[in-house]
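# Coordinate inspection notes
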Protein chains: 2
Amino acid sequence: MASAKSRLSKLAAHLVDPSSTPTHVPPASNDPLVIDGHTRGTSSWFNYHSQTPTFFLPRAATIEPDAVAIYHKSADDKLLTKSYSQFAQKASDFAYYLKKHRYRRIGILCPNTPAFLYATFAANAADGVVIPVNYRLKPDDISYIFQHSDADFILVDAEFAPLLDNYRAAKPHVPILIDDDAADESGAFGSALAEGAAYDLQHGSQGWEGLTSLADDELAVNALTYTSGTTGRPKGVEYTHRGCYMSALGNIIESGLVFPGIKRAKYLWTVPMFHAMGWTFPWAVTAARGTHYCLRKIVYAYIWKLLREEEITHFCAAPTVNTLLCADPNAQTLKQEVRVIVGASPPTAHLFQSMTQLNLHPVHVYGSTETYAPITRGYDMPAYHELPAKEMYGRLARQGHGFITSLPVRVVRTGDDVVEGALVDVEKDGKEIGEVVFLGNICARGYYKDETATRKLFAGGGLHSGDLAVWHPDGAIQIMDRAKDIIISGGENISSVALEAAIVTHPDILECGICAVPDEQWGERPKAFLTIKLGRTITYGDFIEWCKEHPAISRFMVPKECEVVKELPKTSTGKIRKNVLREWAKGNRNQESE
Amino acid sequence: MASAKSRLSKLAAHLVDPSSTPTHVPPASNDPLVIDGHTRGTSSWFNYHSQTPTFFLPRAATIEPDAVAIYHKSADDKLLTKSYSQFAQKASDFAYYLKKHRYRRIGILCPNTPAFLYATFAANAADGVVIPVNYRLKPDDISYIFQHSDADFILVDAEFAPLLDNYRAAKPHVPILIDDDAADESGAFGSALAEGAAYDLQHGSQGWEGLTSLADDELAVNALTYTSGTTGRPKGVEYTHRGCYMSALGNIIESGLVFPGIKRAKYLWTVPMFHAMGWTFPWAVTAARGTHYCLRKIVYAYIWKLLREEEITHFCAAPTVNTLLCADPNAQTLKQEVRVIVGASPPTAHLFQSMTQLNLHPVHVYGSTETYAPITRGYDMPAYHELPAKEMYGRLARQGHGFITSLPVRVVRTGDDVVEGALVDVEKDGKEIGEVVFLGNICARGYYKDETATRKLFAGGGLHSGDLAVWHPDGAIQIMDRAKDIIISGGENISSVALEAAIVTHPDILECGICAVPDEQWGERPKAFLTIKLGRTITYGDFIEWCKEHPAISRFMVPKECEVVKELPKTSTGKIRKNVLREWAKGNRNQESE
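Residues numbered from 1 in each chain as written. Chains lettered and ligands numbered in written order. Predicted model: local features only at pLDDT ≥ 70, side-chain atom pairs only at ≥ 80, totals over all residues. Heavy atoms only, no water.

### What about the overall build of chain A?
Within chain A one finds 18 helices and 26 strands. Counting only C-alpha atoms and orienting by the principal axes, one finds that chain A spans roughly 85 × 80 × 50 Å. Taken across its 594 residues, chain A has 59% of its residues classed as buried. When contacts within chain A are restricted to residue pairs at least 6 apart in sequence, long-range pairs at least 24 apart make up 67% of them. A total of about 22,400 Å² of accessible surface is found on chain A, and carbon and sulfur atoms cover 50% of it. Side-chain charges of chain A comprise 60 positive and 68 negative groups, with the mean position of each set lying 2 Å from the other. (Helix = DSSP H or I, 4+ residues; strand = E, 2+ residues; numbered from the N terminus. Buried < 20%, exposed > 50% of the residue type's maximum accessible area, 1.4 Å probe, protein only. Contact = heavy atoms within 4.5 Å. Areas by Shrake-Rupley, 256 points an atom, 1.4 Å probe, with all protein chains shown as cover. Lys, Arg positive; Asp, Glu negative; His and termini not counted. Charge placed at Lys NZ, Arg CZ, Asp CG, Glu CD.)

### Let's talk about the pattern of salt bridges
A full pass over the atoms with the stated rule returns 74 salt bridges over all chains. Taking the shortest distance from any N to any O, the salt bridge between lysine 82 of chain A and glutamate 185 of chain A comes out at 3.9 Å. Here glutamate 185 of chain A lies in the loop between strand 8 (176-179) and helix 7 (188-202) and lysine 82 of chain A lies in strand 4 (residues 79-83), a separation of 103 residues in the sequence. Judged by its relative accessible area of 12%, lysine 82 of chain A falls in the buried class. For glutamate 64 of chain B, the salt bridge goes to arginine 264 of chain B, with nearest N and O atoms at 3.1 Å. Within this pair, whereas glutamate 64 of chain B is found in the loop between helix 2 (56-63) and strand 3 (68-73), its partner arginine 264 of chain B is found in the loop between helix 8 (241-255) and strand 11 (266-268), the two being separated by 200 residues in sequence. Like arginine 264 of chain B, glutamate 64 of chain B is buried. Linked by salt bridges that have partners in common, Asp157, Glu159, Asp181 and Arg296 of chain A make up one network. (Salt bridge = Lys/Arg side-chain N within 4 Å of Asp/Glu carboxyl O.)

### Some words on the sheet that holds strand 21 (residues 477-482) of chain A
Residue and element names in this part refer to chain A. If you trace the 4 strands from one edge of the open sheet to the other, you get 18-19-20-21, paired in antiparallel fashion. On the outer flanks of this sheet lie strand 18 (410-412) and strand 21, each paired with one strand and no other. Each adjacent strand pair in this sheet contributes to an overall mean axis angle of 50°, direction not counted. (Pairing = 2+ DSSP bridges. Axes fitted to C-alpha atoms, helices over the stretch in contact; angles between N-to-C directions.)

### What to know about the pairing of strand 4 (residues 79-83) of chain B
Residue and element names in this part refer to chain B. As paired elements, strand 3 and strand 4 share 5 bridges and run antiparallel to each other. Residue pairing in the sheet places lysine 73 in a bridge with leucine 79 of strand 4. Hairpin connection, strand 3 to strand 4: the antiparallel pair is bridged by 5 residues, and aspartate 77 has positive phi, about 60°.

### Structural notes on the interface of chain B and chain A
Note on interface size: it is often stated as the accessible area lost on association of the parts. Between chain B and chain A, the contact holds 109 residues from the first and 109 residues from the second. Both faces combined, the contact of chain B with chain A buries some 9,300 Å², and carbon together with sulfur accounts for 62% of it. Counting every contact that joins chain B to chain A gives 6 salt bridges. Residue arginine 242 of chain A pairs with glutamate 218 of chain B through a salt bridge whose shortest N-O separation is 2.9 Å. (Buried area = accessible area lost by both parts, 1.4 Å probe.)

### Considerations on the UniProt feature "domain: AMP-binding enzyme C-terminal" (unreviewed entry) in chain A
Within the UniProt annotation, "domain: AMP-binding enzyme C-terminal" (unreviewed entry) is assigned to residues 499-575 of chain A. Here residues 499-575 of chain A runs as 19% helix and 32% strand, with 16 Å between its end C-alpha atoms. (UniProt positions renumbered as here; feature names shortened; annotations may be inferred.)

### Here's the deal with the packing of helix 3 (residues 84-101) of chain B against helix 4 (residues 114-125) of chain B
All names here are of chain B. Put simply, helix 3 and helix 4 touch, their axes get as near as 8 Å, and they point 55° apart. Here helix 3 is positioned oblique relative to helix 4, judged by the angle of their axes. Here the hand of the crossing between helix 3 and helix 4 comes out right-handed. Contact with helix 3, carried on its side by Phe87, Lys90, Ala91, Phe94, Ala95 and Leu98, involves Leu117, Tyr118, Ala119, Phe121, Ala122, Ala123 and Ala125 of helix 4 and no other residues of that element. Of the residues contributing to the contact of helix 3 with helix 4, the split by class is 12 nonpolar, no polar and 1 charged. (Parallel < 35°, antiparallel > 145°, perpendicular 65-115°, else oblique. Left-handed = near helix turned anticlockwise from the far one by under 90°. Nonpolar A, V, L, I, M, F, W, Y, C, P; charged D, E, K, R; others polar.)

### Some details on helix 12 (residues 319-327) of chain A
Most of helix 12 of chain A sits inside the fold, with 7 of its 9 residues counted as buried. Its buried side turned inward, helix 12 of chain A meets helix 11 (300-309), strand 13 (314-317), strand 14 (338-342), helix 13 (349-357), strand 15 (360-368) and strand 24 (509-519) of chain A.

### Here's the deal with the packing of aromatic side chains
This model, assessed by the stated rule, comprises 46 aromatic pairs over all chains. Ring geometry for phenylalanine 87 of chain B versus tyrosine 118 of chain B: centroids 5.9 Å apart, planes at 45°, classification tilted. Of the two residues, phenylalanine 87 of chain B sits in helix 3 while tyrosine 118 of chain B sits in helix 4, which places them 31 residues apart along the sequence. For the pair shown, phenylalanine 87 of chain B and tyrosine 118 of chain B are each scored as buried. Arranged with centres 4.9 Å apart and planes meeting at 80°, the rings of tyrosine 267 of chain B and tryptophan 269 of chain B form a pair that is edge-to-face. Taken together, the aromatic side chains of Tyr84, Phe87, Phe94, Tyr97, Tyr103, Tyr118, Phe121, Phe153 and Phe189 of chain A make up a single cluster linked through ring pairs. (Phe/Tyr/Trp six-rings, centres within 6.5 Å; stacked < 30°, edge-to-face > 60°.)

### Things to note about the pairing of strand 5 (residues 105-109) of chain B
All names here are of chain B. Buried residues dominate strand 5, accounting for 5 of its 5 residues. Residues Arg105, Gly107 and Leu109 of strand 5 are buried on one face, and the alternating residues Ile106 and Ile108, pointing to the opposite face, are buried as well. Bridge count between strand 5 and strand 6 (residues 129-132): 4 bridges; the pairing is parallel. Bridging across to strand 6, isoleucine 108 finds its partner in proline 132. Both strand 5 and strand 7 (residues 153-157) contribute to a ladder of 4 bridges, which runs parallel. Paired with isoleucine 106 across the strands is phenylalanine 153, a residue of strand 7.

### Describing the environment of phenylalanine 87 of chain A
All names here are of chain A. A relative accessible area of 0% places phenylalanine 87 in the buried class. Sequence separation between phenylalanine 87 and leucine 117 is 30 residues; the distance between their C-alpha atoms is 8.7 Å. Among all residues touching phenylalanine 87, those that are not within four sequence positions of it are Leu57, Ala69, Ile70, Leu117, Tyr118, Phe121, Thr286 and His292.

### Points about the nonpolar core
Phe94 of chain A together with Phe94 of chain B are the most contacted members of the largest nonpolar core, which totals 247 residues. Setting aside chain neighbours within four positions, we find phenylalanine 94 of chain A in contact with Ala119, Ala122, Phe153, Leu177, Phe189, Ala192 and Leu193 of chain A. (Core = buried A, V, L, I, M, F, W, Y, C linked by side-chain atoms within 4.5 Å.)

### What to know about the sheet that holds strand 13 (residues 314-317) of chain B
Paired through backbone hydrogen bonds, the strands of a sheet run either parallel or antiparallel to each other. Residue and element names in this part refer to chain B. Reading across from one edge, 4-3-12-11-13-14-15-16-17 is the order of the 9 strands in this open sheet, with mixed pairing throughout. Of all strands in the sheet, those with a lone pairing partner are strand 4 and strand 17 (401-402), marking the two edges. When strand 15 (residues 360-368) meets strand 16 (residues 373-377), the two strands line up antiparallel, connected through 4 bridges. Bridge pairing in strand 16 places serine 368 opposite alanine 373. Helix 4 contacts strand 3, strand 4 and strand 12 (291-293) of the sheet and is inclined by roughly 140° relative to strand 3. In the packing of helix 13 (residues 349-357) onto the sheet, the strands contacted are strand 14 (338-342) and strand 15, and the crossing angle to strand 15 comes to about 140°.

### Overview of the packing of helix 2 of chain B against helix 3 of chain B
A packed helix pair is summarised by two numbers, namely the angle formed by the two axes and the spacing between the axes. All names here are of chain B. Contact pair helix 2 / helix 3: the axes reach a minimum separation of 8 Å and the direction vectors enclose 145°. As helix 2 packs across helix 3, the resulting crossing turns out to be left-handed. Between helix 2 and helix 3, the contacting residues are Leu57, Ala60 and Ala61 on the first element and Tyr84, Ser85, Phe87, Ala88 and Ala91 on the second.

### Some details on the confidence of the model for chain A
Taken over all residues, the pLDDT of chain A has a mean of 90, while the share at 70 or more is 92%. Confidence estimates for the predicted assembly give a pTM of 0.90 and an ipTM of 0.90. (pLDDT = per-residue confidence, 0-100.)

### Things to note about the relation of the copies chain B and chain A
Laying chain B over chain A is done by rotating through 180° and shifting 0.0 Å along the axis; what remains is an RMSD of 0.0 Å. Viewed as a symmetry operation, the transformation between the two copies matches a two-fold axis. Of every C-alpha in chain B, the one belonging to isoleucine 253 of chain B sits nearest the axis of rotation, 3.3 Å from it. Of all interface residues in chain B, 100% are interface residues in chain A too; the two copies therefore contact each other through one and the same surface. (Least-squares fit on C-alpha atoms with pLDDT ≥ 70 in both.)

### Here we look at the environment of arginine 377 of chain B
Residues and elements named next belong to chain B. Within the secondary structure, arginine 377 sits in strand 16. With relative accessibility at 8%, the residue arginine 377 sits in the buried group. C-alpha separation for the pair arginine 377 and proline 551, spaced 174 residues apart in sequence, amounts to 27 Å.

### Some words on helix 11 (residues 300-310) of chain B
Listed as buried for helix 11 of chain B are Tyr300, Tyr302, Ile303, Trp304, Leu306 and Leu307 of chain B. Positive backbone phi, at 55°, marks glutamate 311 of chain B, one or two positions downstream of helix 11 of chain B.

### Points about the side chain of asparagine 251 of chain A
Residue and element names in this part refer to chain A. Secondary-structure assignment places asparagine 251 in helix 8 (residues 241-255). A distance of 3.0 Å separates polar atoms of two side chains, one belonging to asparagine 251 and the other to threonine 280. Sequence-distant contacts of asparagine 251, that is, excluding residues within four places in its chain, are made with Gly256, Trp279, Thr280, Phe281, Ala284, Pro374 and Phe403. (Polar contact = N/O pair within 3.5 Å; in protein donor to acceptor, adjacent residues only side chain to side chain.)

Structural data, given as structure tokens:
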């Protein structure tokens, strides 16, 4: 022991005097080493592969060829399933079809069908770009998007083919392929698959070996997803291979898509695949070797049937979809735990509580088309569970922190006194309202062919969300409103999101949408559009009294007007369309949907 | 309906004739766009952040500052815990200490202590490289490594400080800091932390904001881990930020480190942190905001206590460690499911069966120091569970497929008839034996200052493992042996791994290590070194008879000699040291450990 001690003291003497200059100069980094044209330390070296989400499909098909990849009730009402081996084969066949015809910019106008999945993987595998379009847009906007995006080929579901009349007139030479979503693939899409398979056969049957499952450049664009364009024309958001890959890995981790043992995710396609590339779940579910439960449209009775009988484990949906799902007569507490990735607009604490009671466990995420959808998560924390239930669910309804594969999000000052281009954080006090900005791998590259909008998107060096939020002392952000939806009443900011969250705790109210109406005295005041629960009624006077009594509704927040409607206007992802509410408030009821 | 039909047929006419040339030429990609010096489509753009695992620590401390990050029984036998906020603070303090002294190449000679974790994050945060060294090496090798790696600073645990005598003589000017691993941080290491904190304070208290949590270049080297060098001098394996990041994300997904809800991983540090950077779990566990249960040494009774009382959820360990753990008198079936990441040498089906009975569920991985440790996983498949138990566990004991964040692994032909530099796959028949090669993001960059060895490592364009394997029809690989351990007897290949796996099913045998001994008639034949279960005995004759009867042991595989020993010689990670067994077989029993 004495010997060890004396050794230690001798060694301790080697500690340098902190004030002295170090004597040792670190060596320069290694000389460049080149082997067979590969340069060490660059992306040409052997320790690099490009982060490409397409690769997850041939990988899944190799590891677990017989696993059920796709479950779908086709347009002709037949049940079809595809194994991973079949899924990979179909995508490969379609990729060879695209290669044969040299199509590179692949438009898609389809609901959530197997063909959409095949085309997503096939387009990238054939060195092309995926351009999915929202079939609920006006034909004029659809036409605009396919032209603006330079689509050189369009895959359209038979149901939506008539929407292309406008486009065909403008672009008569761009080929259009119709998928009739028939279980036996007897139509034009099936013929295209057969043609692709034959083309591969003629060229040595290379299958996925002859396709691009790893992009040459992971930073290159692999998809264009268009914003809904409520103000001005839709903009084409540029996605990259690396962005989709890191977003998909983030979604796998954050929503727990991989189980231990032999259990596999059963993912129900409630969110449109055209919206932000289905939040990158075409790739995430495939990487996890889960089953894609395709879905042509939202029918709550059928969703409950699948939840119950197929033991769905995951789905993504906006708060409004979850509200209607929970209120559906078929709702029942499930025996399995379902992870529900809730995003697209701010949820209420009330909703999370209702969902949890049905064994639907919210994974609360937030993002935008420009962030591949989810980029933050309202993490569940042990400390929250020591709070009263209401407060706990309130914490879970915060938008939270950047994903594991993202940089942290920030909330920055807005307004006239902010110097152009400088991003200054708001106080982390849960009070000061600023704009949410993002940075890093799960941010989009910009807008296609729109330099001005791209410059504006990244003004000051961060991706501007257009959402207003507070930053809590624990670093979690909480969205107050879209910048254009906030109501300014007598100098006070009223968060329509917070007001809606308070109002839906009323026992007779199902949903609430708030917008501003002009007020001579206060500038603006809120108007509430309400939907009522089945078999309930409500009177104006009682409702206003109830609002005045509600602890979270200050006097200046009490709605000036309120109106009961049959249905609230919503986007394809389930966001309440505030611009339509504003029109309604003006008396204009002929607003088209999206 | 008729109208829709006619519209469809009109649209169908737009399908191009497959034989015609497409009329549409895809547009060139976007013109370059530069904003404030950032160029779109490059890594300087806003949609890019460098994949740096160091970032996971400040992220964890922001999101969940009070979560328990570290649990440790210190060298002075006191229990200490650190929150994520404290962990991040200590690492920051140490980083500022390193920055103050401009140390850039940080040697570490420590067991699995909190100081090791702090130093790992601190070194990278201070723009330095981590150089952890195996304290079980000969002092001469330790000295060689610290010199070869150009370490300009060494952190040493007091217990191992005497091992540096040799090095001090050669490099008297390189400072050495001793960590006495005292709970109250009263020693030199604690003073260094205080000094770093003071330095930060003097320079504006920037904390992590002033450190490098995101590397400038994700492809740059962040760590050097040395091979054990059983043949020749140890080689310094170059790790990169991106490699560690993708390996850590892979480990999170593959071993299920993230739970839904508020449950957090409790990770027990059974694998040495110096070995392949602790298989990148310092980063993976931190990213998952789990608790690091540090461990100065392997004491099975204490491990069982932690498993039982602390409800550990994960640990990594070689098969031999698991064998001894299962055989320990304290073994008992745990109430929680534990995921045990089993790697470092091929496990037996028998072991997996024993582990599962104790609620220790194997996550079977395979890799090498050159692949950040785990790079393949023997995936559990539904189809396996339809097989008899023995066969099912046999399937799970295969090394399987490349990780979710890796490229697929290959098995390529070896031998004299193989053209230098060309990698040709073996048949996927489960019979032809070849060498395992790796490629992609979780491969190391090469060997530090050793161009010849780097060229050899990547000969033909793949990272050579030196392991021999067969490739099964389902794409799973199965290791037969290290190239130098395979036994060639009368022209037949005998896999020592397969023979060991068969022998340990004997009811009285605990462990088995096989090596070749010379044989006049057959060239080589196997010799078995055995350890026996507590209270059991075995005779040579009975053992040989048992081998002859065993269905998996062909006549030519039956050991020529067998010897019962008290303990098998093992590496720090628990691999059986075949080179020592070969010496023992020659009668040389004075082999030092590693």
